[in-house]
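What follows is the residue order along each chain.
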Amino acid sequence: MLILGIESSCDETAAAVVRDGREIVSSVISSQIELHRPFGGVFPELAAREHLVKIRPVVNEALAKAGVGLTEIDAIAVTRGPGLIGSLLVGVSYAKGLAFGLGLPLIGVNHIEGHVYSVNFENPPVKYPALALVVSGGHTNLFYIPEEGKYRVVSRTRDDAAGEAFDKVGKLLGLPYPGGPAIETISRGIDPSKVRFPVAKISDGRPDFSFSGLKTAVARYVRENGVEPVADGGEPTERIREIAAGFQATVVRSLMSNVEKLADELGPRTLIVAGGVACNMALRDAAESFGASRSIPVHFPSKHLSTDNAAMIAAAGHFHLARGKRDDLSLTADVTIRLQNFDLEDGELRRKKVRYKL
Ligand code: KG4
Ligand code: ZN
């Protein structure tokens, strides 16, 4: 089965052709990073307009690279949310038009579920139950997945997403947008214990994440120590690099401490780490060594599949289509759609005496 995936939830216009949910025949991503760089973040109205310009050429390029025509496509999967409303509507409307015109099945996909499926292409099949850490610019969630397609959030951020924290700290250190890759680059080879920041504690004791306090701690450190941010186009000083390395290490420690706690409690047979922040080698190394210490296989997407792409959307769409799920033309964008369909009362988590009622 050949599925055309379409993704436009934030600042990447992407299309991909995927065979049987596991083989990428083509994948095209048009990034808007340069467009948004002067604003230090995604400018929603500009993003939507750019999707409008790019959607048709990107879809056509994906088909051309796959060497297939629209008539050879079996179904269309599109991101329906969460994301920016104007951006989402471009992809959803285009996919609906194509599905209607060609008489093809249409499936709306949750973007976060797409990230979970980004590990489908270069890893062995996931063994369940699984734990999936999805860390991106918009989301930081840890999911317990008792079986394919069932999700329970067991840890989430109370404030900023991890990627958002990287981007904000990058900005206050004077680094180019997006901050994540810039912070990783300048932290390389630097001792992260030179400048230390604390891991946030959640007052009610739940194993959730919090990153806004860390961002404030970095801002305070910069102010109190008279640290000058990197000048436009300039080289980072040793002190800036030490702050970046200390911050990165704290984010990794904070992410991994909940992963470790919940993995030990829930006994997953696979650990998935996905989303843009999964590009980060410090996080990958920490997850790898934890997995090795517990004999839990860790699945990562390769870097180009960690950030937003349409292959992961087609893969998630394949799972739902194979189980007979279809959307009709009433499909619409849903900015705040959640990924949680496993009721605590269903059994598994309760049997394991986990108290994470969210
Ligand atoms: O998944 P993604 O492309 O978009 C969202 O769905 O949000 O993730 C983008 C986020 C940005 O915040 C970016 O700074 C972060 O992923 N990111 C990284 C790295 N590469 C991208 N964060 C840390 N280290 C990296 N190497
Ligand atoms: Zn994403």
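Residues numbered from 1 in each chain as written. Chains lettered and ligands numbered in written order. Predicted model: local features only at pLDDT ≥ 70, side-chain atom pairs only at ≥ 80, totals over all residues. Heavy atoms only, no water.

**Let's talk about the coordination of the zinc ion (ligand 2)**
Angles between donor atoms at a metal ideally measure 109.5 degrees for a four-coordinate tetrahedral arrangement and either 90 or 180 degrees for a six-coordinate octahedral one.
Part 1: Only His111 (NE2), His115 (NE2) and Asp308 (OD) from the protein reach the zinc ion (ligand 2) as donors, at distances of 2.0 to 2.1 Å.
Part 2: Around the zinc ion (ligand 2) sit four donor atoms, and with donor-metal-donor angles ranging over 95 to 141° the site reads as irregular.
Part 3: Read from N- to C-terminus, the donor residues coordinating the zinc ion (ligand 2) fall into the pattern H-x3-H-x192-D. Highlighted residues: histidine 111 and histidine 115, both in helix 4 (residues 111-117), separated by four residues, approximately one helical turn. (Donors = N, O, S within 2.8 Å, 3.2 Å for Na, K, Ca; no water. Tetrahedral: all angles 85-135°; square planar, octahedral: opposite > 155°, others 65-115°. Helix = DSSP H or I, 4+ residues; strand = E, 2+ residues; numbered from the N terminus.)

**A closer look at the nonpolar core**
Part 1: Counting 48 residues, the largest nonpolar core has Leu131, Leu173, Val218, Phe247 and Val273 as its most contacted members.
Part 2: Of all the elements in the fold, those that place two or more residues in this core are strand 6 (130-135), strand 7 (140-145), helix 5 (162-172), helix 6 (179-187), helix 7 (212-224), helix 8 (238-266), strand 9 (270-274) and helix 9 (281-294).
Part 3: For this core, the element with the most residues is helix 8, which contributes twelve residues.
Part 4: Once you skip the residues sitting within four places of it in the chain, valine 273 turns out to touch Leu133, Ala278, Leu283, Ala287, Val298, His299, Phe300 and Pro301. (Core = buried A, V, L, I, M, F, W, Y, C linked by side-chain atoms within 4.5 Å. Buried < 20%, exposed > 50% of the residue type's maximum accessible area, 1.4 Å probe, protein only. Contact = heavy atoms within 4.5 Å.)

**Let's talk about the domain arrangement of the protein**
Part 1: Parsing the protein into structural domains produces domain 1 (2-117 + 305-322) and domain 2 (125-300).
Part 2: A straight line from the C-alpha centre of domain 1 to that of domain 2 covers 27 Å.
Part 3: Taken together, the contacts link 18 residues of domain 1 with 20 residues of domain 2.
Part 4: Considering only the side of domain 1, the residues that lose the most area to domain 2 are Ile112, Val116 and Ser306, jointly responsible for 35% of the buried surface there.
Part 5: In this assembly, domain 1 and domain 2 are joined by zero salt bridges.
Part 6: Here domain 1 is connected to domain 2 by five residue pairs in polar contact (both at pLDDT 80 or more).
Part 7: Mapped by element, the contributors of at least two residues to the side of domain 1 that touches domain 2 are helix 1 (33-36) and helix 4. (Domains from an automatic or database assignment. Buried area = accessible area lost by both parts, 1.4 Å probe. Salt bridge = Lys/Arg side-chain N within 4 Å of Asp/Glu carboxyl O. Polar contact = N/O pair within 3.5 Å; in protein donor to acceptor, adjacent residues only side chain to side chain.)

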